[in-house]
Amino acid sequence: MEYKIERNFGEITVWDEKAAVGVRFNEGETMQRYMCAIVLPPWKNLKPKDLDRISRVSNEIIKYCQDRWPHEFEPIK
């Protein structure tokens, strides 16, 4: 999967543009697996059926981030 990566002063947002779902976290800080934010476009009107899709897509992005930023997304041991 191709993701768009936006960097803003240490804050990184990884977007799945097709699904219109992103994950935002702080680069260099640990525990981002648990503290990252799910980001949606401001114009997006959600319906109950969207929640499963958002959850699935955000989990896929977090797995991608875990491979790319292992320090930030390392699980608690």
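Quantities reported herein were computed from a predicted structural model and do not represent experimental measurements. (Residues numbered from 1 in each chain as written. Predicted model: local features only at pLDDT ≥ 70, side-chain atom pairs only at ≥ 80, totals over all residues. Heavy atoms only, no water.)

*Asks:* Quick question: what am I supposed to make of the pattern of salt bridges here?
*Replies:* Where side chains of opposite charge bring their charged atoms close, a pairing between them can arise. Counted by the stated rule, this structure contains six salt bridges. For R24, the salt bridge goes to E11, with nearest N and O atoms at 3.7 Å. Of this pair, R24 sits in strand β3 (residues 21-26) while E11 sits in strand β2 (residues 11-16), and the two are 13 residues apart along the sequence. When its relative accessible area of 30% is taken as the criterion, R24 is described as partly exposed. Relative accessible area serves as the criterion here: at 30%, E11 is assigned to the partly exposed category. (Salt bridge = Lys/Arg side-chain N within 4 Å of Asp/Glu carboxyl O. Helix = DSSP H or I, 4+ residues; strand = E, 2+ residues; numbered from the N terminus. Buried < 20%, exposed > 50% of the residue type's maximum accessible area, 1.4 Å probe, protein only.)

*Asks:* Before we go on, may I ask you to explain the nonpolar core in this structure?
*Replies:* In globular proteins that are soluble, nonpolar side chains generally tend to be buried together. Counting 15 residues, the largest nonpolar core has V14, F25, I61, C65, W69 and F73 as the members making the most contacts within it. When residues of this core are traced back to their parent elements, those giving at least two are β2, β3 and α2 (50-68). Counting residues per element, this core draws most heavily on α2, at five residues. Setting aside residues no more than four positions away along its own chain, F73 makes contact with F25, Q32, R33, C36, I62, C65 and Q66. (Core = buried A, V, L, I, M, F, W, Y, C linked by side-chain atoms within 4.5 Å. Contact = heavy atoms within 4.5 Å.)

*Asks:* Before we go on, may I ask you to explain the environment of S55 in this structure?
*Replies:* Take S55: it is sitting in helix α2. Under the relative-accessibility criterion, S55 is labelled partly exposed at 36%. For the pair S55 and K77, spaced 22 residues apart in the sequence, the C-alpha separation amounts to 24 Å.

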